[in-house]
Amino acid sequence: MMKSLLPQSQLRRAAAAGRSSGGGAASGGADGAGSDGGAGGRAPAASTFWFLLHALCCLVSLFLGFRFSRLLFFLLFSTSELYSTSSSSSAVLRATTTTTTTTTTTTTTTNTFTLSFAATSNPPPSTLANHTALDSAAAGTSGHTQSHVVVGRHGIRIRPWPHPDPVEVMRAHRIMERVQEEQRRWYGVKEPRQVLVVTPTYSRAFQALHLTGLLHSLRNVPYPLTWIVVEAGGTTNATASLLARSGLTIVHIPFPDRMPHDWADRHATENRMRLHSLRVIRERKMDGVIVFADDSNVHSMELFDEVQKVQWMGAVSVGILAHTGAADQPRLSEEDKQNMPLPVQGPACNSSGQLAGWHTFNSLPFTGKTATVVGEAAPVLPRGLEWAGFVLNSRMLWKEAEGKPDWVKDLDAVGENGEEVENPLILLNDPSSVEPLGNCGKKVLLWWLRVEARADSKFPQGWVIEPPLEVVVPAKRTPWPETTAEHSSELLNTKQDQEDRRLSRTNRSSRSRSTTKRKGGVQGQEN
Amino acid sequence: MALALLRPRLMPSAVALALLLVACSGVARGQDTERIEGSAGDVLEDDPVGRLKVYVYELPTKYNKKMVAKDSRCLSHMFAAEIFMHRFLVSSAIRTLNPEEADWFYTPVYTTCDLTPWGHPLPFKSPRIMRSAIQFISSHWPYWNRTEGADHFFVVPHDFGACFHYQEEKAIERGILPLLRRATLVQTFGQKDHVCLKEGSINIPPYAPPQKMKTHLVPPETPRSIFVYFRGLFYDTANDPEGGYYARGARASVWENFKNNPLFDISTDHPPTYYEDMQRSIFCLCPLGWAPWSPRLVEAVVFGCIPVIIADDIVLPFADAIPWDEIGVFVAEDDVPKLDTILTSIPMEVILRKQRLLANPSMKQAMLFPQPAQPGDAFHQILNGLARKLPHDKGVHLNPGQKVLNWTQGPVGDLKPW
């Protein structure tokens, strides 16, 4: 009975397929096959018919991009009968399911969308038949409206160019930025305070290097910032122009004394410069968190997030980078190497998270080998506790501030008698009230480093080469001006040693290379 | 002179006003969360105590406790809501021991606890289990026959609810169990105009383990740097090797269209940082699978990731209490190839508002089944839903002798006793 009705169903199906998929050739073929096949009882004709049908379905599947099941032909015609009696339909279905391998459905349809050429997707008319079938089924259970979501095999919709569009990618990134900004606003610091960065500086060869680095770090700080630059030897145009190009709010303060060439004296002068800037902050009643950023130090962004948490005075962990800069490293015994403590200065806490003491840099392995003069090729070490590891609430310095604790000394009382202001703890009566920041000092938030050229090194004014160079200087030997005889001879000697050692190393290697090479005459100018 | 007198008096009030404004702005600048109001009003935080009374039938343990004892995986899979609902009701303040004053009757039968060795629940015996339970309550108490179940509710968290089958076509063919025709069903499945969603059902989220999710929380200031996130199958090669069947081809379409797109972090692996990654994403895809619902929605809401729901006509949990179109993004299955265009063209204020709504703690609480129960959680939302259906209308109580249900309706296999 089913077979006799086949050609009619095929004609209907073929017509529907033709309308929906727009593949006229396929439908024409189906038509032909249907009419040719016929409902004959002739066995060979039947088998060829099934073969042709199978081939046709394969072709159509290739064309459409998903499996076009033969079963559809049967089920489409039988949908009108299927739902009239529920039990018989299941019997019919079970008979037909044996022909296909995957689980089959009672209400399959084809939704022929997917493809590049399908400009508009006309819902295939087969779904109308389906709707009526489902309606009759649904009417049996409850009289509600028909869902337009169809159960069964659907095509996988792929657009012709499944690659990202650059405009959309940019939009997505902008969305992400905005969402992150909003997150910062909600969960980040509630009332971001101004950051007052105090930097002592002076004009020398490496000043531009250090200040440019610090400048870029400060430009990335997401909080309102004021950069207080104290310059030894008075303000210079070079420094002022460098600062002006930064785009930050600058307070450029001159300091009368010149910067000495000796590390110990330089340290003391820097301390006095910082104290001077604290006095300026107090005079101008600047409000915010004071961070001591030395120009050669390197700061992480988390430092500025962490210092927002300070109440009055906080301490952070500073990584100390004491680079040697000389060819000979300090000879450390194995024992020394093992006992070498971490090169970190910072607060040490007890188990309940309260300040218990200070962790300082161990300079014992370096005794006798540290640099005394600025620019000397020897490690430069911090002395005691560096100012860079402390942050203050500027209100602590004000004459009158609400809630100012009594363990803070008045600023006027500090450094008056010309005493050495070693570290900011001198500002307090009670050094135990310092707050440890950065997860109790576990996180190193900045690094302390001192790298300088010799005090008399020449560099172009403002780093502009004017007038243009006349003498072309070979890269290897930079003429150093003679200053004091001993220093220069020492340096020249060490330089000579370095050169010789380097040359001997390359000579050795080229000699070894030439001996290993069998091919004659290859004496490369390896240099 | 008058001015001089006025000024000092004005000053303190002016100062007070200024302080008040500053305080207000300070408060407003804090955590911006918006109140969530659905079509039923601002009901997420309602307390059901005092608004309804539930009587819990005492069924023999073979219907409940023995099943859990046989396989304790029932307590942690996504269908565990039925077990936890029973435990909650038994010790809750809305339980009454006097059935005459009860508004609702609860039958604790765990129909989703018959698990395969791999942990998947088999629905084949569930209709018989349910039928047997109803026969028990109708023979031991008069309350079922009084209303033929119209004031009874059942928790059926299976794939297609009370149709009791995991395959959609078979589930549609079976339809909702005829005996439950008048009862209220509390189920996870929801699709508009579908045979397996009865009018008046309460839709609930699937069970997701709240403790496990809480242990994977990261600090909220971790910046959200993933645009779209999804982890799961795209092709179910075991059951649907050719594709096109599983998820109606929508998941496969997501993969084919966006596997090369760096904005879409989609794959089938299951990384150990799955929960943490969701918290670092802005959008989380929640496409349908074999059934339209999934625990992904709960995870997305708890982790603050905007759910992108790709399931045509889906009905989401507590739809009358939670305005889902304001919280999630709905994408039609046909529009999946344009998903990137759709998501990047959502206006910024809309995205930020969705995030604010998701950040509301009552929203997150409403999706969870914590042990022990907490105010505003999913258990309370279910009770609120039941309370909103009160008072029962007059059709509920049948005249004595009136029978509406046909006890022999349904496939022959269901009529076998259990």
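Everything here concerns the structure above.
Figured I'd write up the structure that's included with this text. This is a predicted model, so every value here is computed, not measured.

Analysis parameters
- Residues numbered from 1 in each chain as written.
- Chains lettered and ligands numbered in written order.
- Predicted model: local features only at pLDDT ≥ 70, side-chain atom pairs only at ≥ 80, totals over all residues.
- Heavy atoms only, no water.
- Helix = DSSP H or I, 4+ residues; strand = E, 2+ residues; numbered from the N terminus.
- Buried < 20%, exposed > 50% of the residue type's maximum accessible area, 1.4 Å probe, protein only.
- Contact = heavy atoms within 4.5 Å.
- Areas by Shrake-Rupley, 256 points an atom, 1.4 Å probe, with all protein chains shown as cover.
- Patch = residues over 30% accessible without salt bridge, like charges linked within 9 Å, V, L, I, M, F, W, Y side chains within 5 Å.
- Salt bridge = Lys/Arg side-chain N within 4 Å of Asp/Glu carboxyl O.
- Disulfide = S-S within 2.5 Å.
- Pairing = 2+ DSSP bridges.
- Polar contact = N/O pair within 3.5 Å; in protein donor to acceptor, adjacent residues only side chain to side chain.
- Nonpolar A, V, L, I, M, F, W, Y, C, P; charged D, E, K, R; others polar.

### Side note on the overall build of chain B
Helix and strand counts for chain B stand at 15 helices and 10 strands. Burial analysis of chain B (418 residues in total) assigns 57% to the buried set. Within chain B, counting contacts between residues at least 6 apart in sequence, those at least 24 apart form 72% of the total. Working note: accessible area of chain B is about 17,700 Å², and carbon and sulfur atoms make up 58% of it.

### Description of the environment of Ala-238 of chain A
Structurally, the position occupied by Ala-238 of chain A is in helix H9 (residues 237-244). For Ala-238 of chain A and Gln-461 of chain A, which are 223 residues apart along the polypeptide, the C-alpha to C-alpha distance reads 7.5 Å.

### Side note on a nonpolar patch on the surface
A cluster of nonpolar residues, Val-298, Leu-321 and Trp-447 of chain A, forms a patch on the protein surface that exposes about 250 Å² of accessible area. Examined against the element boundaries, Val-298 of chain A turns out to sit in strand E5 (residues 298-299).

### Thoughts on the state of the cysteines
Working definition of a disulfide: a covalent bond connecting the sulfur atoms of two cysteines. Residue and element names in this part refer to chain B. In this structure the tally under the stated criterion is four disulfides over all chains. Two residues, Cys-163 and Cys-196, share a disulfide whose sulfurs are 1.9 Å apart. Residues Cys-163 and Cys-196 are joined through a disulfide that is left-handed, its torsion about the S-S bond being -115°. Pair noted here: Cys-163 is in the loop between strand E3 (152-155) and helix H6 (168-174) and Cys-196 is in the loop between strand E4 (184-187) and strand E5 (202-203), with a separation of 33 residues, a long-range link.

### Quick word on the sheet that holds E3 of chain B
Residue and element names in this part refer to chain B. In spatial order, the strands read E1-E2-E3-E4-E5; together these five strands make up an open sheet with parallel pairing. Whereas interior strands pair on both sides, the edge strands pair on one side only; in this sheet they are strand E1 (54-56) and E5. Summarising the sheet, strand E2 (residues 104-106) and E3 pair through two bridges and their orientation is parallel. Looking across to E3, one finds that Phe-105 is bridged to His-152.

### Quick look at the interface of chain A and chain B
As a measure of interface size, the accessible area lost when the parts come together is often cited. Each partner contributes residues to the interface: chain A has 43 residues there, and chain B has 56 residues. The residue Glu-242 of chain B makes a salt bridge to Arg-153 of chain A at a minimum N-O spacing of 3.6 Å. The tally of links between chain A and chain B comes to 13 residue pairs in polar contact (both at pLDDT 80 or more). The element that contributes the greatest number of residues to the side of chain A that touches chain B is helix H7 (residues 166-187) of chain A, accounting for 14 residues. For the side of chain A that touches chain B, the per-class residue count stands at 15 nonpolar, 18 polar and 10 charged.

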